[in-house]
Amino acid sequence: MAILKRMESGSNVEHGRRHFTGFSIFCIFFMSLGSMSYGYPAAIIGTTLGQPSFLTYMGLDTATNASQLIGAITALFYAGGLVGSFCHGWMSNRFGRRASILGGALMVLISGALLTGSVNIGMFIVFRFFNGWGAFQLLCTVPLWVTEIAPPTRRGMLVDIHAVMLNLGYVVAGYIGHGFYFYSGGNQWRGPMALQMLFPFILICGLWWMPESPRWLLSKDRADEAWAVVQRLHVNPTDPNDHFAEDEFDQMRRQIELDRTFKTSYKEIFTRPSYRKRALITMFLTYSLMSSGVLVINRFGTLDVLLFLTGWTSCAFVFNIVAIAFVDRVLRNRPIALGFFVCTCTLIVEAALQANFLNSNNKGALGAAVAITYLYVVCYSLFLDGPTYFYIGEIWPTHLRAQGYSLGLGMLCLTQIIWSQAAPTAFATIGWTYYIFFVIFAALGCVVSLLLFPDTLHKPLEETAAMFGDEEEVVTFQRYAAGKGGLEGVSTEKPPVPDCERTQGVANAY
């Protein structure tokens, strides 16, 4: 009741204040080296397959089944990613978010070393599988960790750092790969491949000093450690008594005491309607993203493919940074729907240009086709890339959040395998009409996200269950009535947690 009295007296009116510190930002950037540890290996294979020295060394320039071997190199990375996504779900819950990040980083480091030292194509293909395992384990766990330490009104901005660093991995891979293309020697492909070990190595060296997710610590009865993390990460100079951190921690503690009584199996997810709805939203979102053409739209457009892709990923990196400025200012489903809509429009224009001018000498039309691909990636980066990761984290309760990321990123892997394997044959046989599939799925993503995706903007993670019909699973509501100077209502609920009040109070106090 002390919290209620403090809120009623107005001593904890924190609306609009920033409740994260320079240390919080440093930790997020450092942990996002895990994001780069996904982005760099995922992108470097594109430049590696363009290296004449690699093709010659591996015998792909003369092999009759070269296209199948190259397809296996790509597919097994995502097959490993599927395993890594679900390994993340188990490991994050059992041993902690940091342990899952450590496991993924070690996998990328070791597989990166073995890929660099590969002596034949069989060895290279095998360790691409383990490379994908580690990379996707990181891709799942890093945004999960950031989501669970970020305050609600800045969560989108802070999780978007993950997307920025992921794209930075793409950019670094592009420039390094392009630079080594001009390096003379028989093994120039090994240099760019070896660099992928740098990012997980640095991450492993500093991981011990990074904080664990306070929500995971509470789920393991380590309340003192959890409070120390919350107090350090969400301090504010204008709140010397840490009232805000106390309120936030109290809500976490009460909610997790209840969450621990629930089942956490995948069977429960797909048999309980409210959980099944979350699962369908999560998998539909990642499937639609990968089916909107982001994987294959850049296969046509310029003769210098390496340089083109480098510019493309650089554009994605820049506009992911721009997105940080507004992601926490608009309703969550609006930018997602807008992103799908604009991607649909650009895909239609791209298909029309390729249908009429792909094999022509019309420089204006061909230049427009290249420009449209850049407009596509601008829209994708502004409205879809970052929101994917924080929206998944926001709709799942703490006891199932790791599984939610597993389902979402597992679906992403399956979709990438399907489209990337089909693309070469599809472009060779039906050409530009392949884009029609992307137009359909992007348009469908626009409609579904706008009409069916709930808005989680500024919601504490402990309260989103109510948006899926699970009001009885929310122990404490905290919503500050902006401009009213106090509570908008107080009532008592009956969850199996002692002295549990349902209040309206300070969520916008982040």
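Before any of the text, the structure's been laid out above.
Now for a look at the structure at hand.

Okay, the layout of surface pockets next. Empty space within the second largest pocket amounts to approximately 270 Å³. Residue assignment for the lining of the second largest pocket shows that the elements contributing at least two residues are α5 (66–95), α11 (214–219) and α13 (243–259). Top element by residues in the lining of the second largest pocket is α11. It accounts for three residues. Residue composition of the lining of the second largest pocket, by class: three nonpolar, five polar and six charged.

This part covers the side chain of Thr 147. Counting through the fold element by element, Thr 147 comes out in helix α7 (residues 121–149). Assessed through its relative accessible area of 0%, Thr 147 is described here as buried. In contact with Thr 147, not counting residues within four places along its chain, are Arg 155, Val 159, Tyr 389, Phe 390, Gly 393, Arg 401, Tyr 405 and Leu 461.

Another point: empty space enclosed by the protein. Using the criterion set out here, one finds three cavities of 30 Å³ or more in the structure. Its boundaries defined by the atoms lining it, the largest cavity holds a volume of some 60 Å³. Considering the residues around the largest cavity, the lining is formed by Gln 255, Asp 259, Pro 397, Thr 398, His 399, Leu 461, Glu 462, Thr 464, Ala 465 and Glu 473. Taken together, the residues that form the lining of the largest cavity break down as three nonpolar, four polar and three charged.

In this section: the pattern of salt bridges. Any two side chains of opposite charge can pair if their charged atoms end up close together. All told, the structure shown has 14 salt bridges when counted by the stated rule. For Arg 215, the salt bridge goes to Glu 462, with nearest N and O atoms at 2.7 Å. Taken together, the residues Arg 215 in helix α11 and Glu 462 in the loop between α20 (435–452) and β1 (490–492) connect sequence positions 247 residues apart. Residue Glu 462 is classed as buried on the basis of its relative accessible area, which comes to 4%. For Asp 221, the salt bridge is made with Arg 260, and the minimal N-O distance between the two is 2.6 Å. Taken as a pair, Asp 221 in the loop between α11 and α12 (223–233) and Arg 260 in the loop between α13 and α14 (266–271) lie far apart in primary sequence, 39 residues in all. With a relative accessible area of 56%, Asp 221 lands in the exposed category. On the basis of relative accessible area, Arg 260 is assigned to the partly exposed category, the value being 42%.

Looking now at the packing of helix α15 (residues 273–290) against helix α19 (residues 401–429). Between α15 and α19, whose axes approach to 8 Å, the crossing angle comes to 30°. By the angle class used here, α15 and α19 are roughly parallel. In terms of crossing hand, the pair formed by α15 and α19 is right-handed. Listed contacts from α19 to Ala 279, Thr 282, Met 283, Thr 286, Tyr 287 and Met 290 of α15 are Gly 404, Leu 407, Gly 408, Met 411, Leu 412, Thr 415, Gln 416 and Trp 419. Partitioned by chemical class, the residues of the contact of α15 with α19 number eight nonpolar, six polar and no charged.

Cut-off values and rules
Residues numbered from 1 in each chain as written. Predicted model: local features only at pLDDT ≥ 70, side-chain atom pairs only at ≥ 80, totals over all residues. Heavy atoms only, no water. 1 Å grid on protein atoms, 1.4 Å probe; cavity = no way out; pocket = protein on both sides within 12 Å on 5 of 7 lines; lining within 4 Å. Points joined across faces, edges and corners; volume = space filled by probe spheres on them. Helix = DSSP H or I, 4+ residues; strand = E, 2+ residues; numbered from the N terminus. Nonpolar A, V, L, I, M, F, W, Y, C, P; charged D, E, K, R; others polar. Buried < 20%, exposed > 50% of the residue type's maximum accessible area, 1.4 Å probe, protein only. Contact = heavy atoms within 4.5 Å. Salt bridge = Lys/Arg side-chain N within 4 Å of Asp/Glu carboxyl O. Axes fitted to C-alpha atoms, helices over the stretch in contact; angles between N-to-C directions. Parallel < 35°, antiparallel > 145°, perpendicular 65-115°, else oblique. Left-handed = near helix turned anticlockwise from the far one by under 90°.

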